Each structure stands twice: as C-alpha cells, then as structure tokens.
Amino acid sequence: SAWANAPAVAVPMTPEASVRVAPSGDRWLLDTIVLDAGHGGHDIGATYNGVREKDVTLGIVRHLGRMIEQEMGVRVVYTRRDDHFEELRERGRIANRSGGKLFVSIHANAAGASSASGTETYFLAPHRSDNAHEVMERENAVIQLESTPSLYAEYTDQGNILLAMAMSAYQ
C-alpha cells in the first residue's frame, strides 16, 4: 500500500530534554501525553484503495505510544485502543481527567495521486488560510456522526473569536 512507502522520521531526544518543560513545579512537567487515533467505529475517515484512515491512525498511535513510554518514560493515555467511535467531547474529557499536558490527534489524508508524499502538521488555532479552514470543516464534519450533534450549535462567530484569543495566549 501507499502507507508502506511513507518515510519514517525519528527525532533523537533525551528524556531529560524532552520531559521537563520548566524547572519548577509539577504543573510544567510533561508527564502525560494523550494520543487520539482519529476517527473509529462507524467513522472511517478518508479511504484509498481499501485502506481506511481509522485503521491507519490506530496503528500509528499504538506504535507512537509505545515509543513515547519506552524512550521518554512519559505516561501515555489513549482516547481509543480499538475500533470504536469516541465522541469529540469525550476525547477532551479523557484528556482532562487524565491530567494530559499534551494532546496529539493523529489523522491521515487519502491522496488520489501516487506522487503525493510527506506530512502535514496542524496546531489547534484559528484558521489562517482557506486551506486550513477547509481541513477544519472536513474534520469537524464528524460532529454529524455523534449521538447529539445539536450540542455544538452554541459555537458562534463571537465565541470563536474569544476562543481564538484564548488559544493565541497559550499557544
């Protein structure tokens, strides 16, 4: 499959350099990372040649989680460990209940061209381009697969502006 030819990237890092963010207090100690395998269950995500995003992301998260635990000595919490659908609000609750200091959500695109390669990285931030806005809308369409999509109706333009200000202060 196309995934087998994807380049592996390794970033050498000592546990001392990667785990302790600031010298004072446990608040700044990177001791828990939450890994979210995008999609799952009835939400298959992108597909190409029979390869489903939900399966690819779960495999990546399982491998990455083992690496983080073994090489960095950091506790890893998973939003899902098998093929089930976890609602968006529950993913955030999992991260908050576990005391997660970093939340990483893994997704994979399905490019119809065999020449496509590489990676994309997005940070939770207000969309800064039309392309970023399109990606955000495509990924957030999962809301329609949730048991109560109306819970997200309260997100307004004014609320998004306030959220953007809060995010930029902490990013």
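As the structure is a prediction and not an experimental result, all values here were calculated from the model. (Residues numbered from 1 in each chain as written. Predicted model: local features only at pLDDT ≥ 70, side-chain atom pairs only at ≥ 80, totals over all residues. Heavy atoms only, no water.)

## Digging into the overall build of the chain
Okay, so step 1: Across its full length, the chain holds five helices and five strands.
Okay, so step 2: In sequence order, the secondary structure elements of the chain are arranged as α-β-β-β-α-β-α-β-α-α.
Okay, so step 3: The buried share among the 171 residues of the chain stands at 28%.
Okay, so step 4: Once local pairs closer than 6 in sequence are excluded, the contacts in the chain between residues at least 24 apart make up 69%.
Okay, so step 5: Roughly 11800 Å² of accessible area belongs to the chain as shown, and the carbon and sulfur atoms make up 55% of that amount. (Helix = DSSP H or I, 4+ residues; strand = E, 2+ residues; numbered from the N terminus. Buried < 20%, exposed > 50% of the residue type's maximum accessible area, 1.4 Å probe, protein only. Contact = heavy atoms within 4.5 Å. Areas by Shrake-Rupley, 256 points an atom, 1.4 Å probe, with all protein chains shown as cover.)

## Some remarks on helix H2 (residues 53–72)
One full turn of an α-helix is made of 3.6 residues, so residues set three or four places apart face in the same direction.
Okay, so step 1: When the terminal C-alpha atoms of H2 are compared, their 27 Å separation across 20 residues agrees well with the 28 Å that a helix rising 1.5 Å per residue should span.
Okay, so step 2: Buried within H2 are the following residues: Glu53, Lys54, Val56, Thr57, Leu58, Val61, Gly65, Ile68 and Met72.
Okay, so step 3: With its phi angle positive at about 70°, glycine 73 sits one or two positions after the end of H2. (Expected span 1.5 Å × (residues − 1).)

## Notes on the environment of leucine 35
Okay, so step 1: Structurally, leucine 35 can be placed in strand E1 (residues 32–37).
Okay, so step 2: For the pair leucine 35 and isoleucine 106, spaced 71 residues apart in sequence, the C-alpha to C-alpha distance is 7.6 Å.
Okay, so step 3: Not counting residues up to four positions away in its chain, the partners in contact with leucine 35 are Val61, Leu64, Gly65, Ile68, Val76, Val77, Tyr78, Thr79 and Val104.

## Details of the pattern of salt bridges
A side chain with one charge can pair with a side chain of the opposite charge if their charged atoms come near.
Okay, so step 1: Evaluated as defined, the whole model comprises seven salt bridges.
Okay, so step 2: When the shortest N-O distance is used, the salt bridge between aspartate 55 and arginine 52 registers 2.7 Å.
Okay, so step 3: For aspartate 55, a relative accessible area of 35% translates into the label partly exposed.
Okay, so step 4: Between aspartate 83 and lysine 54 there is a salt bridge, and its shortest N-O distance comes to 2.9 Å. (Salt bridge = Lys/Arg side-chain N within 4 Å of Asp/Glu carboxyl O.)

## Considering helix H3 (residues 88–97)
Okay, so step 1: Among the residues of H3, those classed as buried are Glu90, Arg91, Ile94 and Ala95. All buried residues of H3 fall inside an arc of 145° around its axis, so they share one side. For H3, exposure combined with an orientation more than 90 degrees from the buried face picks out Asn96 and Arg97. (Arc of directions from axis to C-beta.)

## Quick notes on the sheet that holds E1
Okay, so step 1: The strand order across the open sheet formed by three strands is E4-E1-E5, and the pairing between neighbours is parallel. At either margin of the open sheet sits one strand with a lone partner, and together these are strand E4 (75–78) and strand E5 (102–106). The average undirected angle you get between the axes of adjacent strands in this sheet is 25°.
Okay, so step 2: As paired elements, E1 and E5 share five bridges and run parallel to each other. (Pairing = 2+ DSSP bridges. Axes fitted to C-alpha atoms, helices over the stretch in contact; angles between N-to-C directions.)

## A word on the side chain of histidine 39
Okay, so step 1: Within the secondary structure layout, histidine 39 lies in the loop between E1 and strand E2 (47–48).
Okay, so step 2: Taking the relative accessible area as the measure of exposure, histidine 39 reaches 7% and is therefore buried.
Okay, so step 3: Within the structure, the side chain of histidine 39 is placed 2.9 Å from the side chain of aspartate 43, a separation counted as a polar contact.
Okay, so step 4: At 3.2 Å, the side chain of histidine 39 forms a polar contact with the side chain of histidine 107. (Polar contact = N/O pair within 3.5 Å; in protein donor to acceptor, adjacent residues only side chain to side chain.)

## Concerning the nonpolar core
Okay, so step 1: Grouped together as the largest cluster of nonpolar side chains are twelve residues: Leu30, Ile33, Leu35, Ala37, Leu58, Val61, Ile68, Met72, Val74, Val76, Tyr78 and Ile106.
Okay, so step 2: Residue assignment for this core shows that the elements contributing at least two residues are E1, H2 and E4.
Okay, so step 3: Sort the elements by how many residues they give to this core and H2 lands first, with four residues.
Okay, so step 4: Beyond its immediate sequence surroundings of up to four residues, valine 76 is in contact with Ile33, Leu35, Gly65, Ile68 and Glu69. (Core = buried A, V, L, I, M, F, W, Y, C linked by side-chain atoms within 4.5 Å.)

The analysis is restricted to geometry; functional conclusions fall outside its scope.
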